[in-house]
Amino acid sequence: MIEEFGWTISLFNLLLIVLVVLAVLIVEFKDLLYAAIIAGFYSVIVAVLYFMLQAPDIALTQIVVGVGLQTAILIIAISK
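Structure report, in brief. (Residues numbered from 1 in each chain as written. Predicted model: local features only at pLDDT ≥ 70, side-chain atom pairs only at ≥ 80, totals over all residues. Heavy atoms only, no water.)

## What about the packing of helix α2 (residues 32-52) against helix α3 (residues 56-79)?
When two helices pack together, their arrangement is given by the angle between their axes and by how far apart the axes lie. For the pair α2 and α3, interaxial distance at closest approach is 8 Å and the crossing angle is 175 degrees. Comparing the axis directions of α2 and α3 gives the class roughly antiparallel. Across the interface between the two elements, L32, L33, A36, A39, G40, S43, V44, V46, A47, Y50 and F51 from α2 touch P56, I58, A59, Q62, I63, G66, V67, Q70, T71, L74, I75 and I78 from α3. (Axes fitted to C-alpha atoms, helices over the stretch in contact; angles between N-to-C directions. Helix = DSSP H or I, 4+ residues; strand = E, 2+ residues; numbered from the N terminus. Parallel < 35°, antiparallel > 145°, perpendicular 65-115°, else oblique. Contact = heavy atoms within 4.5 Å.)

Here it is, written out as structure tokens:
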């Protein structure tokens, strides 16, 4: 798991709070394009959390799928 350093745990907790805020923003945005872009940022934060949990392979997969494919597919679907 995460090392037992105070700043690492604080950063981890801060990123979890940011995830909750981003999730609320995604649900509350009326403009779907903004919601898709915020979902991309959400995926980046999730990838950073996976990397902090010492799972770099899952973090790379999250970046490719979550940030790249998911955002692109959402933007294409919104434009149609």
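## So, the environment of A35
With respect to the helices and strands, the residue A35 is situated in helix α2. The contact partners of A35, leaving out residues within four places of it in the chain, are I26 and F29.

## Some details on unusual backbone geometry
Despite not being glycine, Q54 shows a phi value in the positive range, around 65 degrees. Tracing the backbone shows Q54 in the loop between α2 and α3. By relative accessible area, which is 53% here, Q54 ends up exposed. (Buried < 20%, exposed > 50% of the residue type's maximum accessible area, 1.4 Å probe, protein only.)

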